[in-house]
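Overview (structure and organization)
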Amino acid sequence: MKHTTHDGGDLNKAVFLCSLPPITTAIKAGGDGMRVQFDIPESEAGESVKLFMMKNKQLKVTVECVPYQPPQVEHQEFEEPYADLISGPEEIGGRLK
């Protein structure tokens, strides 16, 4: 049965960017198989939250390396009353405020 979100998204498939954490226990091998740990950035939360719906189910995993793209941070312009909080130092009576 195919489960979908209110906007038609597929709840049976999650595609998101992640990485293996820089720790020695990111990949563990044992007598019964392997355990892999992923770091998932907040920007991927929308898709990765689907993993909660997939607990106790068999999954098919495909791993693909992609070129690193740093997160895009937008420059934010501040409007009054916050603009005066981020402006440069002001002089009052010959000394810095």
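Residues numbered from 1 in each chain as written. Predicted model: local features only at pLDDT ≥ 70, side-chain atom pairs only at ≥ 80, totals over all residues. Heavy atoms only, no water.

In the predicted model, the protein carries a mean pLDDT of 80, and the fraction of residues at 70 or more is 66%. Strand S2 (residues 33-36) holds the highest mean pLDDT among the elements of the protein, 94, whereas strand S3 (residues 91-92) holds the lowest, 56. (pLDDT = per-residue confidence, 0-100. Helix = DSSP H or I, 4+ residues; strand = E, 2+ residues; numbered from the N terminus.)

Turning our attention to the pattern of salt bridges. Inspection of the entire model under this criterion finds 1 salt bridge. Among the ionic pairs, glutamate 47 bridges to lysine 50, the shortest N-O distance being 2.9 Å. (Salt bridge = Lys/Arg side-chain N within 4 Å of Asp/Glu carboxyl O.)

Another aspect to go through is the pairing of strand S1 (residues 27-30). For S1 and S2, the ladder comprises 4 bridges, and the chain directions are antiparallel. Of the residues in S2, the one forming a bridge with lysine 28 is arginine 35. In sequence, S1 turns back onto S2 through a hairpin of 2 residues. (Pairing = 2+ DSSP bridges.)

Now for the side chain of glutamate 44. Mapped onto the fold, glutamate 44 is located in the loop between S2 and helix H1 (45-48). The side chain of glutamate 44 sits in the buried core without any salt bridge; lysine 50 is the nearest counter-charge, 10 Å away. When residues no more than four places from it in sequence are discounted, the contact partners of glutamate 44 are Phe16 and Leu17. (Buried < 20%, exposed > 50% of the residue type's maximum accessible area, 1.4 Å probe, protein only. Lys, Arg positive; Asp, Glu negative; His and termini not counted. Contact = heavy atoms within 4.5 Å.)

Residues Leu20, Ile27, Met34, Val36, Phe38, Ile40 and Leu51 make up a contiguous nonpolar surface patch of about 610 Å² in total accessible area. Along the chain, leucine 20 turns up in the segment before S1. Given the relative accessible area of 45%, leucine 20 is considered partly exposed. (Patch = residues over 30% accessible without salt bridge, like charges linked within 9 Å, V, L, I, M, F, W, Y side chains within 5 Å. Areas by Shrake-Rupley, 256 points an atom, 1.4 Å probe, with all protein chains shown as cover.)

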